[in-house]
Amino acid sequence: MDYKKFLKKVENGYLSDKGSDTESEGGSDADSVGGDPEFGEVDVENDKEGDLMDSDSEKEEQVEPSVGSKFNGPEYNGSNSNVHEHDNSEFEKQYADHLKEEADEKMFPEEEEIDPTSLIVGSKFMNKAAFYKHVTNFCVINKHQTMATKSSTIKLRVKCIHWRSLHCPFFISGIVKKGEGKTFILMGFNLDHNCNGNKEDMSKCANPSYVADWYYEKTKSELGINEPVPCADDLATQFNKARKVNIRYHTAWRARVKVLEKINGNYEKSYKLVPAFCEMVKERNPGSIATFSYGTKDNTFLSMTICFKATMDGFFAGCRKVIGLDACHLYGKYAGVMLHATALDGQNGLPPLGIMV
């Protein structure tokens, strides 16, 4: 039997694992090839692998790509290959201006700043907070007394505070259109008033949050972040000069507190950092004492004690064996008492030993 017929039998599935198993157990030749009676005995023990290849099939010549070849395959030969490089010079010359504008265009353009002293129908804002901030700023600058009458995630409408009693027609309205995500769009407004406004030149929109944001932006742009925050009276005076609007003392005081929290952090976050602060003191100043205590029921802060090793060494080495204690009250948000231990050196100085809050 020739090899072509043998290969054809293999392709048609006449050789199987079952047949090979039976042949190994001494079965008949017909069973060994899946029961084909026409398949004869073929001795393939000394045959080479190359002899079983189809004589009519052509062997493809394998060419290793050269290191400097431009294509990942056989070495490129321009005279014998149908692959040609495309010349883009004419296209680039024709559309040079368009390609330059496309390259200069920013992928994420910055949001356009809107004049806070004007309202333009159709103006878009990133979200509700940005829209409300713009409306509030406009009302404070133009001394409009307003309040929000309809407020949700998709709409905001502000009216004059006298719209119920005097039926004042003033309003500013914005909504979120379908397909715009969270973007607020200014839909309409009416800036006419039939009320007399506020005789004391005060604005309900100038709340502590607004005053705090105004002064914080002023600090970053003009004064510098390290500039001390003025007292409540001075802050109210500065706001009046800038916006021509009077604010009450408690509004200025609450705004000052908010500014200090933005610069230094708030009390709650500071108390949460007490354990980390004590660990840092002991790590950076080996031998120092840094302990704290918390309530067992609600984990509220109770006390903290700090005493540096350098001050203790100085006390034992060159100070009189006298320790003075002093205390003062804390007038922050959560109040409290601070204890201070001092020593007496040879020149009657008072070097600090430790503090406890």
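Residues numbered from 1 in each chain as written. Predicted model: local features only at pLDDT ≥ 70, side-chain atom pairs only at ≥ 80, totals over all residues. Heavy atoms only, no water.

Student: Help me get a handle on a nonpolar patch on the surface, residues and values and all.
Tutor: There is a patch of nonpolar side chains on the surface, built from Val-121, Phe-189 and Leu-191 and spanning about 220 Å² of accessible area. Position of Leu-191 among the secondary structure elements: in the loop between strand S5 (184-190) and helix H7 (208-223). (Patch = residues over 30% accessible without salt bridge, like charges linked within 9 Å, V, L, I, M, F, W, Y side chains within 5 Å. Areas by Shrake-Rupley, 256 points an atom, 1.4 Å probe, with all protein chains shown as cover. Salt bridge = Lys/Arg side-chain N within 4 Å of Asp/Glu carboxyl O. Helix = DSSP H or I, 4+ residues; strand = E, 2+ residues; numbered from the N terminus.)

Student: Give a detailed account of the side chain of Asn-137, specifying residues and quantitative values.
Tutor: Locating Asn-137 in the fold gives a position in helix H6 (residues 128-141). Judged by its relative accessible area of 16%, Asn-137 falls in the buried class. Here Tyr-210 takes part through its side chain, which lies 2.5 Å from a polar atom of the side chain of Asn-137. When neighbours within four sequence positions are excluded, Asn-137 is seen to be in contact with Pro-116, Tyr-210 and Arg-243. (Buried < 20%, exposed > 50% of the residue type's maximum accessible area, 1.4 Å probe, protein only. Polar contact = N/O pair within 3.5 Å; in protein donor to acceptor, adjacent residues only side chain to side chain. Contact = heavy atoms within 4.5 Å.)

Student: So what about the confidence of the model for the protein chain? Which residues, and what values?
Tutor: On average, residues of the protein chain carry a pLDDT of 77, and 72% of them reach 70 or more. Note that residues 16-76 has pLDDT below 50 and, in this model, 44 contacts with residues that lie over four places away or in other chains. (pLDDT = per-residue confidence, 0-100.)

Student: Can you explain the environment of Pro-230? Please cite residues and give values.
Tutor: Tracing the backbone through its elements, the reader meets Pro-230 in the loop between H7 and helix H8 (232-243). On the basis of relative accessibility, which here comes to 14%, the residue Pro-230 falls in the buried class. Separated by 26 residues in sequence, Pro-230 and Arg-256 place their C-alpha atoms 7.8 Å apart. Among all residues touching Pro-230, those that are not within four sequence positions of it are Tyr-215, Leu-235, Gln-238 and Arg-256.

Student: Which residues make up the sheet that holds strand S7 (residues 301-307), and what values do they have?
Tutor: The strand order across the open sheet built from 5 strands is S6-S7-S10-S9-S8, with neighbouring strands paired in antiparallel fashion. Taken across any chain shown, the strands that pair with only one partner, and hence form the sheet edges, are strand S6 (289-294) and strand S8 (319-329). Shown here is a sheet whose adjacent strand axes are inclined to one another by a mean of 10°, direction ignored. Sheet contacts for helix H11 (residues 274-284): S6 and S7; angle to S6, the most-contacted strand, approximately 165°. (Pairing = 2+ DSSP bridges. Axes fitted to C-alpha atoms, helices over the stretch in contact; angles between N-to-C directions.)

Student: Account for H7, naming residues and giving values.
Tutor: An α-helix turns once every 3.6 residues. As a result, residues three or four positions apart point the same way. Looking only at H7, the buried set comprises Pro-208, Tyr-210, Val-211, Ala-212, Trp-214, Tyr-215, Tyr-216, Lys-218 and Thr-219. Just downstream of H7, Gly-224 is the residue with a positive phi angle, here 105°.

Student: Describe in detail the sheet that holds strand S1 (residues 124-125), supporting the description with residues and values.
Tutor: Spatial strand order, S1-S5-S4-S3-S2: 5 strands in an open sheet with antiparallel pairing. On the outer flanks of this sheet lie S1 and strand S2 (146-151), each paired with one strand and no other. Contacts from H6 reach S1, S2, strand S3 (155-160), strand S4 (171-175) and S5, with the element oriented near 165° to S4.

Student: Quick rundown of the pairing of S6? Include the residues and the values.
Tutor: The pairing of S6 with S7 spans 6 bridges and is classified as antiparallel. Counterpart to Phe-292 in the pairing with S7 is Met-304. Taking the residues between adjacent antiparallel strands as the criterion, S6 and S7 are bridged by 6 residues, where Asn-299 takes a positive phi near 60°.

Student: Kindly report on unusual backbone geometry, identifying the contributing residues and their values.
Tutor: If you check the backbone angles, Lys-244 has positive phi at about 55° while not being a glycine. Its place among the elements puts Lys-244 in the loop between H8 and helix H9 (249-264). One non-glycine residue with positive phi stands out, namely Asn-299, at about 60°. Here Asn-299 is to be found in the loop between S6 and S7.

Student: Give me the lowdown on the nonpolar core, citing residues and values where you can.
Tutor: Judged by nonpolar contacts, the single largest core of 34 residues is most densely connected at Phe-131, Cys-139, Val-140, Ile-172, Phe-239 and Ile-247. At the level of elements, H6, S3, S5, H7, H8 and H9 are the ones that each hand at least two residues to this core. Apart from residues no more than four positions distant in its own chain, Ile-172 is found in contact with Leu-119, Phe-131, Val-135, Phe-138, Cys-139, Leu-156, Arg-157, Val-158, Leu-186, Gly-188 and Phe-189. Grouped together as the second largest cluster of nonpolar side chains are 6 residues, Val-274, Val-281, Met-304 and Ile-306 included. (Core = buried A, V, L, I, M, F, W, Y, C linked by side-chain atoms within 4.5 Å.)

Student: Tell me about the packing of aromatic side chains, and name the residues and values.
Tutor: Inspection of the entire model under this criterion finds 11 aromatic pairs. Centre to centre, the rings of Trp-214 and Phe-239 are 5.2 Å apart; their planes meet at 85°, and the pair counts as edge-to-face. Of the two residues, Trp-214 sits in helix H7 while Phe-239 sits in helix H8, which places them 25 residues apart along the sequence. For Phe-239, a relative accessible area of 0% translates into the label buried. Plain terms: the ring middles of Tyr-271 and Phe-301 are 5.0 Å apart, the flat faces sit at 40° to each other, and that makes the pair tilted. (Phe/Tyr/Trp six-rings, centres within 6.5 Å; stacked < 30°, edge-to-face > 60°.)

Student: How would you sum up the pattern of salt bridges? Please name residues and give values.
Tutor: Under the defined criterion, the tally for this structure stands at 6 salt bridges. Measuring nitrogen to oxygen at the nearest pair gives 2.9 Å for the salt bridge that ties Glu-268 to Lys-333. Of the two residues, Glu-268 is situated in helix H10 (residues 267-272) and Lys-333 in the loop between S8 and strand S9 (337-345); the sequence distance between them amounts to 65 residues.

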